[in-house]
Amino acid sequence: MASVGVILLGLDRFKVINESVGHAVGDRLLNAVGVRLANCLRPGDTVARFGGDEFGIILDPIADADEARRIAERIGSELRTPFPMSGREWFISASMGIALGQPGRATPDEMLREAEIAMVRAKAESSGRHILFEPSMSDHKIERIDLENDLRRAIGRDQLRLHYQPLVDLATDRIVGFEALVRWQHPTRGLVPPIDFIPLAEETGIIVPLGRWVLETACRQAVVWNDLRPDGPRLSMSVNLSAREFGQPDLIDQVDRLLIETGMDPTTLELEITESVMMDQSEVGVRALSRLRDMGVRVVLDDFGTGYSSLAYLKHLPLDTIKIDRSFVAGLDGDADRSIVGAVIALAHGLRIDVVAEGIETEAQFHLLREMGCDVGQGYLFARPLPAAEASRLLAPSRSSGATRAHVLAPAPGHPRERALADQLRPPSSRSMNRNRLMKSR
């Protein structure tokens, strides 16, 4: 039996475009999106802009959920084709919620509410998705509202924690820095995974004060570690910036003020921006990155290979480092991913850009990346993200030698590398290999 369907579509990260290049370009882009949406629909369907970056689509009639999904997939595919405008190409993705209703069994307001709930779920799970409403999602929305309220209070109630994952020089096996990763210790839920609250924080804007707390806390910790070793090489500290954080007009002033307040050496701070956020930036955003570099701060392109940028685009960006996404590292046993990683490393080095490989979990990956000339790696092979106290022990001098050197990195519990690392901790005369994870400057 035919029914009526509703798709509520919200553009992902559109606010960044408006903040970067202004509403005039944003409005033109919205008009272009509307034209493409209309071209995806059937004669009886209707599309209208709901305000902001949201569009509502009425599917009348719709045979079943599968047909609604096919239309949503067609829309998503059409929007992924770049929009040429103002001398550059704009890449757009959209999250969609789908609601179906039989005639006489659902009011328009109820269907719209259900589509909105499904769209919010799609945005929370991943950009560019479409999800069909299910009754259980109503309970999920109530839970989400409770979680949002708790998150707003988390900073003031000292519930946030930073864990630190070491960055290791692959040529020397020595720690050169850490990446700061936020965790939420909820009073009743326990340790909340980042996937459960970071998307919510980004969508609601909570990410701005949360990110400010992360940056300040990480900088202070870096100062503590470097002050404990005044004659040693400097450790770097990498901190992630979200789209909303990067879009703040006073970002440069915030970073400058924080460096002064914490006494942190600007050259030891690395700010990571994902590829998708970087590709959304206008000349204003590129100038902001250049100003950060002029201050001495290093700019890192995170999750490289997961967005829409081409390798040639790297030469236009003011970058110090790119991080190859873990999905390519996991696929190094295949010829395709191995060739891609090798090409990225070669091109980056040709542009004098350092390369970090994420998600290293096996010795085979470690050796292959080192042979390819990859500069730095991180992953469970070396250590999981650790609280500051545990991360500090990785830097503690070994008692088995009179020389000052860093502690061997501990593997993840139960990791097959555990036996090999235990062998490294024996006195030098009894070791079969000398592969300590030591401190080193780049």
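Residues numbered from 1 in each chain as written. Predicted model: local features only at pLDDT ≥ 70, side-chain atom pairs only at ≥ 80, totals over all residues. Heavy atoms only, no water.

**Describing the nonpolar core**
Counting residues in each nonpolar core, the largest one holds 79 residues, and the members touching the most others are Phe178, Met237, Leu269 and Ile322. With residues near it in sequence (within four places) discarded, Ile322 still touches Leu301, Phe304, Leu314, Val344, Ala348, Ile353, Asp354, Val355 and Val356. Of all hydrophobic cores here, the second largest spans 30 residues; its members include Val25, Leu30, Ile62 and Ile71. (Core = buried A, V, L, I, M, F, W, Y, C linked by side-chain atoms within 4.5 Å. Buried < 20%, exposed > 50% of the residue type's maximum accessible area, 1.4 Å probe, protein only. Contact = heavy atoms within 4.5 Å.)

**Observations concerning the pairing of strand β9 (residues 174-186)**
Burial analysis of β9 places 11 of its 13 residues in the buried class, which makes it a mostly covered element. Pairing of strand β8 (residues 160-169) with β9 involves 10 bridges; the strand directions are antiparallel. Of the residues in β9, the one forming a bridge with Asp169 is Arg174. The turn linking β8 back onto β9 is made up of 4 residues, and Asp173 within it adopts a positive phi angle of 65°. Relative to strand β11 (residues 236-241), β9 runs parallel, the two being bridged by 3 bridges. By the bridge assignment, Phe178 is partnered in β11 with Met237. Sheet topology places β9 next to strand β10 (residues 190-192); 3 bridges connect them, and they run antiparallel. Counted as the bridge partner of His186 is Gly190 from β10. (Helix = DSSP H or I, 4+ residues; strand = E, 2+ residues; numbered from the N terminus. Pairing = 2+ DSSP bridges.)

**Considerations on helix α2 (residues 23-40)**
The end-to-end C-alpha separation of α2 is 25 Å, in line with the 26 Å expected for 18 residues at 1.5 Å each. Every buried residue belonging to α2 is among Val25, Gly26, Leu29, Leu30, Val33, Arg36, Leu37 and Cys40, and all of these are buried. Take α2 and look down its axis: the buried residues cluster within an arc of 140°, on one side only. For α2, the exposed residues lying more than 90 degrees away from the buried face are Ala24, Asn31 and Asn39. (Expected span 1.5 Å × (residues − 1). Arc of directions from axis to C-beta.)

**Thoughts on the packing of α2 against helix α3 (residues 65-80)**
Working note: a packed helix pair is described by the angle between its axes plus the distance between those axes. Interaxial distance between α2 and α3 falls to 10 Å at its minimum, and their mutual angle equals 140°. Between α2 and α3, the interaxial angle falls into the category oblique. Read as a crossing pair, α2 and α3 show a hand that is right-handed. From α2, Val33, Arg36, Leu37 and Cys40 reach across to α3, where they touch Arg74, Ile75, Glu78 and Leu79. Residues that form the contact of α2 with α3 fall into these classes: 5 nonpolar, no polar and 3 charged. (Axes fitted to C-alpha atoms, helices over the stretch in contact; angles between N-to-C directions. Parallel < 35°, antiparallel > 145°, perpendicular 65-115°, else oblique. Left-handed = near helix turned anticlockwise from the far one by under 90°. Nonpolar A, V, L, I, M, F, W, Y, C, P; charged D, E, K, R; others polar.)

**Quick look at the packing of aromatic side chains**
Tallying each qualifying case throughout the model produces 4 aromatic pairs. Ring centres 5.2 Å apart and planes at 75° place the aromatic pair Tyr164 and Trp225 in the edge-to-face group. A residue pair is termed long-range when its members are at least 10 positions apart, and Tyr164 in strand β8 and Trp225 in helix α7 (residues 207-227) qualify at 61 residues. On the accessibility criterion, Tyr164 (2% relative accessible area) is buried. Members of the aromatic cluster, each reached through a chain of ring pairs, are Tyr164, Phe178 and Trp225. Geometry around Phe83 places Arg36 over its ring, the cationic atom sitting 3.6 Å from the centre. (Phe/Tyr/Trp six-rings, centres within 6.5 Å; stacked < 30°, edge-to-face > 60°. Lys NZ or Arg CZ within 6 Å of the ring centre and 35° of its normal.)

**Here we look at the pattern of salt bridges**
Going through the model one piece at a time under the given rule, you end up with 15 salt bridges. Of the charged contacts, one joins Arg152 and Glu148 as a salt bridge, the two residues approaching to 2.9 Å between their closest N and O atoms. With Arg152 and Glu148 both in helix α5 (residues 136-154) and 4 residues apart, this pair spans about one turn of that helix. Exposure remark for Arg152: the relative accessible area of 47% places this residue in the partly exposed category. Of the charged contacts, one joins Lys323 and Glu358 as a salt bridge, the two residues approaching to 3.7 Å between their closest N and O atoms. Of this pair, Lys323 sits in strand β14 (residues 321-324) while Glu358 sits in the loop between β15 (354-357) and α14 (363-372), and the two are 35 residues apart along the sequence. Note on Glu358: relative accessible area 6%, which makes it buried. A network of salt bridges, in which partner residues are shared, links Glu179, Glu272, Lys323 and Glu358. (Salt bridge = Lys/Arg side-chain N within 4 Å of Asp/Glu carboxyl O.)

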